[in-house]
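Overview (structure and organization)
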2 protein chains.
Amino acid sequence: MLSWPLTVNRILEHAERWHGNREVISVGADGGIVRKTYAQCADRARRLSAALSDRGVRTGDRVATLAWNTGEHFEAWYAIMCIGAVCHTLNPRMDAPNLTRIAEHAGTRLLLVDPSLLPLAQAMHAACPTIEEIWVLGHSGDRTLNATDALIGEQQPAAWGGFGEEQAAGLCYTSGTAGDPKGVLYSHRANFLHTLMVIQPDVFGLRAIDTVLPIVPMFHANAWGLVFAAPAVGAKLVLPGRHLDGASLLRLIGEEKVSIAAAVPTVWQGLVDHADANGETLGPLARAVVGGAACLPSLLRRLADEHDLDVRHAWGMTEMSPLGTISAPTADTLALPEEARRAVEGAQGRPPLGVELRVETAGTPGSDAAGKLKIRGFAMIERYYGDSAPAGDDGGWFDTGDVARIDAHGFMHITDREKDVVKSGGEWISSQELEALAAEHCDVVHAAVVAADSKQWGERPLLIVQLLPGACCSDEDLLAQIAGSVPRWWLPDAVVRVDAMPLGLTGKIDKRALRDTYRDHLGSGA
Amino acid sequence: MLSWPLTVNRILEHAERWHGNREVISVGADGGIVRKTYAQCADRARRLSAALSDRGVRTGDRVATLAWNTGEHFEAWYAIMCIGAVCHTLNPRMDAPNLTRIAEHAGTRLLLVDPSLLPLAQAMHAACPTIEEIWVLGHSGDRTLNATDALIGEQQPAAWGGFGEEQAAGLCYTSGTAGDPKGVLYSHRANFLHTLMVIQPDVFGLRAIDTVLPIVPMFHANAWGLVFAAPAVGAKLVLPGRHLDGASLLRLIGEEKVSIAAAVPTVWQGLVDHADANGETLGPLARAVVGGAACLPSLLRRLADEHDLDVRHAWGMTEMSPLGTISAPTADTLALPEEARRAVEGAQGRPPLGVELRVETAGTPGSDAAGKLKIRGFAMIERYYGDSAPAGDDGGWFDTGDVARIDAHGFMHITDREKDVVKSGGEWISSQELEALAAEHCDVVHAAVVAADSKQWGERPLLIVQLLPGACCSDEDLLAQIAGSVPRWWLPDAVVRVDAMPLGLTGKIDKRALRDTYRDHLGSGA
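The structure presented is a predicted model; accordingly, all values stated were derived computationally and were not measured.

**Re the side chain of Asn222 of chain B**
All names here are of chain B. Relative to the helices and strands, Asn222 resides in the loop between β10 (211-214) and α8 (226-233). Its relative accessible area of 6% is what places Asn222 among the buried residues. Within polar-contact distance, the side chain of Asn222 engages the side chain of Asn191 at 3.3 Å. Discounting residues that sit within four places of it in the chain, Asn222 has contacts with Trp77, Tyr186, Asn191, Val227, Phe228 and Ser321.

**What about the confidence of the model for chain A?**
Put simply, chain A has an average pLDDT of 93, and 97% of its residues get 70 or more. Overall fold confidence (pTM) sits at 0.88, and the ipTM for the predicted complex is 0.92.

**Quick look at the sheet that holds strand β14 (residues 310-316) of chain A**
Residues and elements named next belong to chain A. The eight strands are arranged β2-β1-β11-β10-β12-β13-β14-β15 in an open sheet whose pairing can be described as mixed. Strand pairing shows two members of the sheet lacking a second neighbour, β2 (33-37) and β15 (323-326), which therefore form its edges. Across the sheet, the axes of successive neighbouring strands diverge by a mean angle of 20°, strand direction being ignored. Bridge analysis of strand β1 (residues 23-27) against strand β11 (residues 236-239) gives three bridges, and the strand direction is parallel. Of the residues in β11, the one forming a bridge with Ile25 is Val238.

**Regarding the interface of chain A and chain B**
Of the residues lining the interface, 58 residues belong to chain A; the matching set on chain B comes to 58 residues. Interface of chain A and chain B: buried area, both sides summed, is about 4,800 Å²; carbon and sulfur atoms make up 63% of it. A per-residue breakdown of the area chain A buries against chain B is headed by Met1, Trp18 and Leu353 of chain A, which together make up 20% of the total. Between the two partners, chain A and chain B, sit six salt bridges. Among the ionic pairs, Glu356 of chain A bridges to Arg10 of chain B, the shortest N-O distance being 3.7 Å. At the boundary of chain A and chain B, one finds 16 residue pairs in polar contact (both at pLDDT 80 or more).

**Concerning the pattern of salt bridges**
All names here are of chain A. Under the criterion given, the structure shown has 81 salt bridges over all chains. Between Arg47 and Asp43 there is a salt bridge, with the nearest N and O atoms lying 2.9 Å from each other. Residue Arg47 and its partner Asp43 are both found in helix α2 (residues 38-54); the two are separated by four residues, about one turn of the helix. Measuring nitrogen to oxygen at the nearest pair gives 2.7 Å for the salt bridge that ties Arg515 to Asp420. With Arg515 in helix α16 (residues 511-518) and Asp420 in the loop between β19 (412-417) and β20 (422-424), this pair connects stretches of sequence that are 95 residues apart.

**Focus: the environment of Ser424 of chain B**
Residue and element names in this part refer to chain B. Turning to its location among the elements, Ser424 is positioned in strand β20 (residues 422-424). Ser424 sits 185 residues away from Leu239 along the chain, and the two C-alpha atoms are 23 Å apart. Within the structure, Ser424 has its side chain in polar contact with the backbone oxygen of Glu459 (distance 3.5 Å).

**Quick word on the pairing of strand β14 (residues 310-316) of chain B**
All names here are of chain B. Of all the seven residues making up β14, five are buried; the element is thus mostly covered by neighbouring parts of the structure. Two elements, strand β13 (residues 287-290) and β14, share four bridges in a ladder whose sense is parallel. Directly across from Ala288, in β14, lies its bridge partner Val311. As defined by bridge partners, β14 adjoins strand β15 (residues 323-326) across three bridges and the pair is classed as antiparallel. In the sheet register, Gly316 faces β15, and the bridge partner there is Leu323. Counted along the chain from β14 to the antiparallel partner β15, the turn is six residues long, and its residue Ser321 has a positive phi close to 80°.

**As for helix α8 (residues 226-233) of chain A**
Residues and elements named next belong to chain A. With eight of eight residues buried, α8 lies mostly within the body of the structure. Within the sequence span of α8, burial applies to Leu226, Val227, Phe228, Ala229, Ala230, Pro231, Ala232 and Val233. Directly beyond the C-terminal end of α8, a positive phi value near 85° is found at Gly234.

**Things to note about the side chain of Lys36 of chain B**
All names here are of chain B. Inspection of the secondary structure puts Lys36 in strand β2 (residues 33-37). The class of Lys36 is buried, set by a relative accessible area of 12%. Looking at Lys36, its side chain comes within polar contact range of the side chain of Glu75, at 2.7 Å. Ignoring sequence-local partners within four residues, the contact set of Lys36 consists of Arg22, Glu23, Val24, Cys41, Arg44, Gly71, Glu72 and Glu75.

**Focus on the nonpolar core**
Core analysis: the largest hydrophobic core is formed by 212 residues, its most contacted members being Phe74, Tyr78 and Phe204 of chain A together with Phe74, Tyr78, Phe204 and Trp268 of chain B. Discounting chain neighbours no more than four positions away, the residues touching Phe204 of chain B are Val198, Trp224, Leu226, Ile260, Arg287, Val289, Arg312, Leu323 and Ile326 of chain B. Counting residues in each nonpolar core, the second largest holds 29 residues, with Leu66, Ala121, Val136 and Tyr173 of chain B among its members.

**Quick word on the sheet that holds strand β6 (residues 133-136) of chain B**
Residue and element names in this part refer to chain B. Here seven strands make up an open sheet; going across it, the order is β7-β6-β5-β3-β4-β8-β9 and the pairing mixed. If you trace the sheet from one side to the other, it starts and ends with β7 (146-147) and β9 (182-187), each paired once. Bridge count between strand β5 (residues 110-113) and β6: four bridges; the pairing is parallel. Counted as the bridge partner of Leu111 is Ile134 from β6. Running at roughly 165° to strand β4 (residues 86-90), helix α4 (residues 96-106) makes contact with β3 (62-66), β4 and β8 (168-174) of the sheet. Packed on one face of the sheet, helix α7 (residues 188-199) meets β8 and β9 and runs near 75° to β9.

Calculation notes
- Residues numbered from 1 in each chain as written.
- Chains lettered and ligands numbered in written order.
- Predicted model: local features only at pLDDT ≥ 70, side-chain atom pairs only at ≥ 80, totals over all residues.
- Heavy atoms only, no water.
- Helix = DSSP H or I, 4+ residues; strand = E, 2+ residues; numbered from the N terminus.
- Buried < 20%, exposed > 50% of the residue type's maximum accessible area, 1.4 Å probe, protein only.
- Polar contact = N/O pair within 3.5 Å; in protein donor to acceptor, adjacent residues only side chain to side chain.
- Contact = heavy atoms within 4.5 Å.
- pLDDT = per-residue confidence, 0-100.
- Pairing = 2+ DSSP bridges.
- Axes fitted to C-alpha atoms, helices over the stretch in contact; angles between N-to-C directions.
- Buried area = accessible area lost by both parts, 1.4 Å probe.
- Salt bridge = Lys/Arg side-chain N within 4 Å of Asp/Glu carboxyl O.
- Core = buried A, V, L, I, M, F, W, Y, C linked by side-chain atoms within 4.5 Å.

Structure representation (structure tokens):
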């Protein structure tokens, strides 16, 4: 067959040629809307590519971006990747020392930064020996700095492509299961295949007539591939900028007629809370992709029942580009009674073609017992950036660090993170399942279950809650919320109330900190 | 990234693991229904692979199938391809001499045949030096012949895979635009990528909850990729066997709750004619994929308006695995007035990502003037089987021989039919081959074959001859010159004698003028 490398320049070239007048909408720092088309973005990206080449950026060189989801960031991605350089996305919620450490490890040469993040970039520049220069994305008020708008204006469009599909396109650091950040280097091929995978009807289900809002950040795990998938089908792309509160997002959804949005549970929570509090609907929104953390059944139901959305609960990892599984109905689940169907479809779902997945249980193979979740696939890493050892085992299977079970309908349920599992008397207790049940109590803002040392059992679960101000429920009330839905011996031994739950860099509850603090909470007698 | 070759064994393995109890329905020669599951088919296919290996079939060896769309054919495909051998599909509507010529050119070693086609296979076996043995698909009444059911019963499942994604998987001969059949060798990679391409919502739009009926034959152009795409998403697959009349298909659609079917226009015509004549509906059918020949707007409207189907008008070529373009709404067309929208969406549509397409016009580039249609893509051939010269130009662009225009909405309209080819019932008849045969008659000065309209077949060939002065041969004599060398259904429906053949500027017969003159020659009854 014809040699036709799977490189991401072809994605924007396709959008430019066949969906050239379809819009890319961007929300600026002031909340104002910037409208461009795929054709305009492609032209600007090509000129920015030329500027990068002029600056000496060559195939394989790392160019970092420190930015929100904006049109300029979108153009920068393609400008960097389409000449074979590596777009190294940085998380603006991290601090300068951590970002500097990552940029130095990556050997990043240039740093393209959103104007709102310039102080952070300058701190990095001062500290990181590999960063040669900062470019401001869009327009800069500071004349001593290069800004992409000015650079683009001076250039002719560069030619794209001309490298192989195994060429690296993106680099994203993940905190992973251990402490030290590890680099995940995405190839063009993996990004392209992941794009084809997520477009499918049973995955995100993207059409040319859709308007797609990636609320998930471009700086982490490729915005779940949506920044490739939207141009691939010619969907209108809405990039929300930095303001991700319920009011801002709801206005954007309504005004731009967003049909599909993707976000972590906490953002969805904020969105429906705002809508409900103000008697508003989610308007044109038809489909909700929920991932990045396990979503509570109660939130899935609110989205599906009260807001009439087609809800897709997904699971993935930075290491897999990132999609692993997603929940969509099958002939089997459609035939189930309503409640049973919800219980199955509320899981993280099934792998599309291109993802292999297995659960290694200690018990009988083929049972639906929980065990270590391992994965392989066409968009999986082989090894972390700079590592000599493969990330997976001899067969290429990568240990996700998650604990999961697969039900009789083939739906995968993530039951816990392996490190969060409470190992009591040799059996596993799922902290996530307990948290989900506790969180359904109306007084609970955040709930976390961690293992505390137990002389008798090894570990016992401890329930830690942050309650609504003024809440007067008793510990017994909280535990009663859990009892009945889990085995008796899963019930937490104690309840701890905190004023503010510690949160990590990505907004998730910092269970490591909780474990360190409460490890000995049960005392020697437990 | 992890090495994860795109090979089609992964498709059936995925269906086996994640959609193992989803059905593959097959209609037998007697009209009876055979029900299996993907897990059962995969197991049978693995055992058949073992039988092939035992017989000495090795990576790259050609194994032919001569069969309708059946479960046994489905299993044979995967059995052959998944051990790295090449599944060479043969068209049962061709005659033994032509099939033999093709099989010999392909160097085909084994021939797997549907019981109903055994005489044709035996004629080939007798004439083709490369064919070592015939295996009957399923059960054979003749004990001297190997039959796959018996062979499968004796084997343990073979291991699949272990070869690269560039390995050839399939071989299909096309009459092409010139006369001589040419082999199109599909790689695993091309088949896999094509699968991901057609699953997309704006292409065939396949979901796990769908039931898919490929009426288009597996012996030609991969049944438009549906035999890969249905297991890839876990859709139920309905294989209709040999009886493709309206009554049989309508019953099948109703009984098996088919949601998506794909066929050439003449089959769709037969289906809706039958339904309308009997006051029936198309029942559960929701989507109609129409391709293989340009579909009349009147038929597209009947399907869409009277039968409430989501109609997707497609265009492709054997050389491109085969999908090139397909028509689905865009934001632009949705905004058009009804009639204008129909005119645009009635076209053959737009290329998905992975297909590049351009129209080379003599006039201004970018205008919507008609011109040569050229294509490239990830599922395009580089060269025909056994050829040393590339099939495309220096840039890889393949001249389709079609004439097309692209409208302001990016929809491609095939404006001229393939210049000389006669499209009868969705299949191509080479006018050049017929002309060459007719010209061998001693009384013939000039012979031309052109398409005349046929109500039943779309087009039928018409033989136009200029004879020597005083020649007294009959029409039957002229047709006898052709019969025997071509399939029976290739025989021209009528002979027209002219005193002087119209010649063009370069001295070639002006077939356009002939077509214009004789388009209606067969009358409304043909």
